[in-house]
Amino acid sequence: MFSNKDRFKEAFLKRLESMCGKGFEESTKRDQYHTLGNMIREYISSKWIGTNELYRSENKKQVYYLSIEFLLGRLLGQNLLNLGIKDMVEEGLSELDIRLSEIEECEPDPALGNGGLGRLAACFLDSLATLNLPGHGYGIRYKHGLFDQKIVDGYQVELPEQWLRHGNVWEVRKPDEAVEISFWGTIETNYANNGLSFKHVGAEKVLAVPYDMPVVGYHVDTVNTLRLWNAEPSSFGPNQDVLSYKRDTEAITDFLYPDDTHDEGKILRLKQQYFLVSSSIQRIIASYKKENQNVRELHHSVAIHINDTHPALAVPELMRILIDVEGLTWDEAWDVTTNTLSYTNHTILSEALEKWPIYLFKPLLPRIFMIIEEINERFCAELWDRYPGEWERIEHMAIIAHDLVKMAHLAIVGSSSINGVAKIHSDILKNREMKSFYEIYPHKFNNKTNGITHRRWLLKANPELTELIKEAIGDEWVKQPEKLLDLKRHVYNPALKEQFAAVKRKRKEILAKKIADKNGIIVDIDSIFDVQVKRLHAYKRQLLNVLHIMYLYNRIKEDPKYTIQPRTFIFGAKASPTYYYAKKVIKLIHSLAEKVNNDPRVSQVIKVVFMENYRVSLAEDIFPAADVSEQISTASKEASGTGNMKFMMNGALTVGTLDGANIEIMEAIGKENIFTFGLTAGEVLKYEENGRYRSMEYYHHDLRIRQVVDQLTNGFYAEDEGEFGAIADSLLVQNDQYFVLRDFASYIDVQEKVGTAYQHTDNWLEQALINISHSGYFSSDRTIREYAENIWNIEPVGVRM
Ligand SMILES: *Cc1c(COP(=O)(O)O)cnc(C)c1O
């Protein structure tokens, strides 16, 4: 049906009628989307089955990537592209007077993630399949993904996301592979002749039903699986309140927690975590046992990865199954468990480190808690041998202390590998945050700098730039992204620069039209598109960006002769619904936009745009249009960042601190091709140690700072003078935890350099092309190869084509 255009057209029309019960003329765009989606899933299925058969017959080691989030983005366009049938389908549809892009718009973004962490998991799936690596994602099928953001009067309002409302064409429900999960109840300990045995009695059972989605590799036959678990009622007991049991059960997978890098500490969240881990590990063991005899050798065939601490209960759950179900001794089970599991740390922000109070944990997961206690006792005994008498150190490292279960410690002790996500982040883990663990397990610690899939963030998002690069250097880089380096020889070619400028301009026009449609703001295509899109968080310092614009406003108003290169400041960010400060920053951006965009003179040179509901599909329109990438987190706080890589790959220049992967971007492209500013991580950490920073001094000594900070509370940006009081307080009363005022002057200076640099068009274009040419290193293909070789020990299976 996809062998040629005419066959496709015929099959499409026939399927449309049979599926929707109407003729082509009456069909809606959504009918057409569902028809096409179903046809493609069917087309994928033979490759999918083939891949699974191959994995069974070759019986090579496989990896299971456990993640509480997968921020996939739309799949129709990506699947067409990866299958190599996009052009044919697009042409066939256009002969029916249908535009593929309009059909794509009917697909809701599967937004089963908050931001970077979930998006990384999605990029990894794409790379695993494309590299023919046997690797699968295991996650949760949230009924409601991340909330939809509406802006009302400048305030964020959250609406429930409804991606499943019209069904999901990509998923296949597998009720035969459902498993039971036990919560609550008590543990009976029995002394049998061969030792202790444990029985979980009076548990509340929940059924975990898998929904599988295909993960299609790019131009290969491999189709891996993303398995998402749905919670459903198990068998009903005789004396149960059926309705409330059904409601409580289904609540487990009802919604994604909308907190990014913040630990909520709610019992439903803990239920979600155990639900994911228990269902996944039960199935992994069951499918292992179909092909293999001896669970003592599990780690030779299976690697299980823990993406951040949310799935860290994999440690005690695997122990439970090996001991209670498979009958291994503790030592045998511990050997298998630690050799099977590996863990990625994503943050060092203390508010993000998960700690569960025992009073919540123990009643919900009684057997799991017993096992964690045993792990902790054995671990502390080892520490005691090593550090006799140093009880403070031992208390600090313990898995359970002060009535809290520390999930990061559990993951570290129970895994064979612990990795950070950028060099600086991994170094901070080794030398500071996890230093005491590094001292006893130096061999476990390593770095895997994050990456992004260039198939979504370049080939799919920016076909215009993709074509241009292919014209310049051919298409080897598509399969081997590091070959983008070939572009470096052409960077000074005037024709290429001109063509790149034309591509950038076209993409800016497309975004400008979206901005006009959605925001009613007309932006200048010749202005610098200066973009900060990411979750709203104090450490990411959207506020620094805002204060700079407030300063520019003042400067332009006060000095009629002041001229600058026109700029359009574009923001996109969701704030956690309970994050008061973050929501105030969103309001402030809107108040600022109101003032700037409506001032007859200021609006000639600067505009401020907040794009509502930032998500993957919107991101795909934004990155290709950006001239400047704002990566301005307080040094040491952003573990890696991946937005920075998407911008780079699309030829934007970075304004950034020496934080996360910004540093490695700088090392790749050279200092002269990036605009860095601000405190270094070392300087920030020193301030934090010695407590010598006084934000008030910067407020008093820099008139520019005083003016903008005063404007937060003197009625300039809000009639209600208390509106932005919390923001002003964060800077002055709370001594500016993220060093916004400390880095202000440095940021203003570097932004002035950006404005000047943009006017040297040739040079700017060269720098943009240099950024693109070095972006191949930041493909997640490189990252995944490193995981495969150094952590998981897996190899490609059955490479064909
Ligand atoms: C890449 C991406 C992120 C992560 O951006 P950072 O700048 O690294 O924080 C968040 N949300 C979406 C939709 C993304 O595509």
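Residues numbered from 1 in each chain as written. Predicted model: local features only at pLDDT ≥ 70, side-chain atom pairs only at ≥ 80, totals over all residues. Heavy atoms only, no water.

Named according to an unreviewed UniProt entry, the protein is Alpha-1,4 glucan phosphorylase originating from Metabacillus sediminilitoris. Heading Subcellular location (unreviewed entry) of the UniProt record for the protein holds this comment: "Cytoplasm". Quoted verbatim from the Cofactor (unreviewed entry) heading of the UniProt record, the comment on the protein is "pyridoxal 5'-phosphate". (UniProt positions renumbered as here; feature names shortened; annotations may be inferred.)

With that settled, consider the nonpolar core. Ranked by size, the top nonpolar core spans 265 residues in total, and within it Leu313, Phe361 and Trp792 carry the most contacts. The element that contributes the greatest number of residues to this core is helix α22 (residues 542-558), accounting for ten residues. When residues are assigned to domains, this core turns out to be shared by domain 1 (59-74 + 109-450 + 785-792) and domain 2 (468-681 + 737-778), each giving three or more. The residues touching Trp792, leaving out its near neighbours within four places in the chain, are Lys61, Val63, Tyr65, Leu128, Ala303, His305, Ser342, Ile784 and Tyr787. (Core = buried A, V, L, I, M, F, W, Y, C linked by side-chain atoms within 4.5 Å. Buried < 20%, exposed > 50% of the residue type's maximum accessible area, 1.4 Å probe, protein only. Helix = DSSP H or I, 4+ residues; strand = E, 2+ residues; numbered from the N terminus. Domains from an automatic or database assignment. Contact = heavy atoms within 4.5 Å.)

According to UniProt, the feature "modified residue: N6-(pyridoxal phosphate)lysine" (unreviewed entry) maps to Lys646 in the numbering used here. Topologically, Lys646 is positioned in helix α26 (residues 643-649). Each residue touching Lys646, except ones within four places of it in the same chain, is listed here: Arg119, Ile452, Trp457 and Phe623.

Here we come to the domain arrangement of the protein. Once the domains are mapped, the protein shows domain 1 (59-74 + 109-450 + 785-792) and domain 2 (468-681 + 737-778). Taking only C-alpha atoms into account, the centre of domain 1 sits 35 Å from that of domain 2. The interface of domain 1 with domain 2 comprises 39 residues on the first partner and 41 residues on the second. The interface formed by domain 1 and domain 2 holds three salt bridges in total. In this structure, the salt-bridge partner of Glu667 is Lys423, at a minimum N-O distance of 3.3 Å. The tally of links between domain 1 and domain 2 comes to 20 residue pairs in polar contact (both at pLDDT 80 or more). Breaking the side of domain 1 that touches domain 2 down by element, the ones donating at least two residues are α6 (116-130), β5 (148-152), β6 (155-159) and α16 (423-433). Class assignment of the residues belonging to the side of domain 1 that touches domain 2 gives a composition of 15 nonpolar, twelve polar and twelve charged. (Salt bridge = Lys/Arg side-chain N within 4 Å of Asp/Glu carboxyl O. Polar contact = N/O pair within 3.5 Å; in protein donor to acceptor, adjacent residues only side chain to side chain. Nonpolar A, V, L, I, M, F, W, Y, C, P; charged D, E, K, R; others polar.)

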